[in-house]
Amino acid sequence: MKKVSKNSRVAQYINGVRCALPVILGFIPVGIAYAIMARHAGFSLGETCIMSLTVFAGASEMMAVGMYAGGASIIAIILATFILNLRHVIMSTCVFNEMKSAKLGTRMLAAFGVTDESFAIFTTSEKEKRTAPFFVGLITVSYASWNVGTLIGALSSDILPEIVSASFGIALYAMFIGLIMPGLRANLRLAVLVIFTAAVNTILNFFIASSWALIISTLICAAIGAFFVDLSEESEAQ
Amino acid sequence: MNYEIMLMIIGMAAVTYIPRVLPAVFISKFKFSPKFEKFLRLIPYTAMSALIFPGLFSVDSDKPYIGIAGGIAAALLAWKKMPVMVCVIAGIAVDMLIYAFVGH
């Protein structure tokens, strides 16, 4: 019996690794871009890599080296990082609400890997897939590709021709689109909610910082949606 | 090693991990109402929509059509029930093609 459950955990983990493969196409080029920025800002090879190994948050790291290059204070950089990452409270709540039965240690380890991307893949997967080993599989690939990208960029600044690296900018957006489309296809009201959210967030971006706009539009629109979107027919996401 | 940069990295690691780990630790203490559960299940969709828009328009800040074209390619293939990986590769391929014509 024990063997069977162990095997199924391994299978869930491998499934997570497989589902995270599109992240590689997004994370390696962005990791390279971050590392190039960091080296230009005066970070050593070691510092550039340690930041990716310990922080593991692409947008924050790019913002931080940008601010550092611009002469911002350490306190301002840490504060801006905190604000930018507050959205992970929401994402982490969604992820761990599905993983309540996992051990505390497992959850604390998995928490390190909550990113926009791991959250996106995990929460749009079928209900039976949403397990701790599956999530750890997602994290393994994301963490590895982010750090491999960082290392490549830190070692050499122009491995990719300009046109190629510029074209990879679309990768993570394309992934988000690919992840939500199955749910939208099956549920018109959900599609309306998503379009509404897009409009709200775009408008908010004219008035407030984008990190706050994202949090506010995510929460308010989900709250509105809770009153008119019917999730039962969508049968636990595609 | 630059002392200032190391201090900055430690601070950033802390303020990044804290928002991620708090829900992981305290989630088992909460029992949510069905309405709140539904709210949580909608968040992936609203969050991803907000991550896509308006960011998609500034994939290339000088050429908004780069993001739009790649996004449409991915959306069409996703609509045709293609795997996510195929959507991503198509988005990249379309943008690469456009750059090949208009330059970067």
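Residues numbered from 1 in each chain as written. Chains lettered and ligands numbered in written order. Predicted model: local features only at pLDDT ≥ 70, side-chain atom pairs only at ≥ 80, totals over all residues.

1. Thoughts on the interface of chain B and chain A
How big an interface is tends to be stated in terms of the accessible area lost upon association of its parts.
Moving on, step 1. If you look at the interface, chain B gives 62 residues, while chain A gives 79 residues.
Moving on, step 2. At the level of elements, helix 1 (3-26), helix 2 (34-52), helix 3 (64-79) and helix 4 (84-102) of chain B are the ones that each hand at least two residues to the side of chain B that touches chain A.
Moving on, step 3. Per-element tally for the side of chain B that touches chain A: the top contributor is helix 1 of chain B, with 18 residues.
Moving on, step 4. Grouping the amino acids of the side of chain B that touches chain A by side-chain chemistry returns 43 nonpolar, 12 polar and seven charged. (Contact = placed C-beta atoms within 7 Å. Helix = DSSP H or I, 4+ residues; strand = E, 2+ residues; numbered from the N terminus. Nonpolar A, V, L, I, M, F, W, Y, C, P; charged D, E, K, R; others polar.)

2. Some remarks on the nonpolar core
Moving on, step 1. Counting 110 residues, the largest nonpolar core has F135, F176 and I177 of chain A together with A74 of chain B as the members making the most contacts within it.
Moving on, step 2. By residue number, the principal contributor to this core is helix 2 (residues 21-40) of chain A, which donates 12 residues.
Moving on, step 3. With near-sequence residues (within four places) excluded, F135 of chain A lies in contact with G16, V95, M99, A110, S118 and F122 of chain A. (Core = buried A, V, L, I, M, F, W, Y, C linked by C-beta atoms within 7 Å. Buried ≥ 20, exposed ≤ 12 C-beta atoms within 10 Å, placed from the backbone.)

3. A closer look at the packing of helix 13 (residues 210-228) of chain A against helix 2 of chain B
Moving on, step 1. Axis separation between helix 13 of chain A and helix 2 of chain B bottoms out at 7 Å; the angle between their running directions is 135°. As summarised for this structure, helix 13 of chain A and helix 2 of chain B are arranged oblique, according to the angle between their axes. Of the two possible hands of crossing, helix 13 of chain A and helix 2 of chain B adopt the one that is right-handed. On helix 2 of chain B, the residues touching L214, S217, T218, C221, A222, A223, G225 and A226 of chain A of helix 13 of chain A are K35, K38, F39, L42, I43, T46, A47, A50 and L51 of chain B.
Moving on, step 2. Here the contact of helix 13 of chain A with helix 2 of chain B is composed, by residue class, of 11 nonpolar, four polar and two charged. (Axes fitted to C-alpha atoms, helices over the stretch in contact; angles between N-to-C directions. Parallel < 35°, antiparallel > 145°, perpendicular 65-115°, else oblique. Left-handed = near helix turned anticlockwise from the far one by under 90°.)

4. What to know about the domain arrangement of chain B
Moving on, step 1. Taken domain by domain, chain B comprises domain 1 (1-30) and domain 2 (31-102).
Moving on, step 2. Taken over C-alpha atoms, the centre of domain 1 of chain B sits 28 Å from the centre of domain 2 of chain B. (Domains from an automatic or database assignment.)

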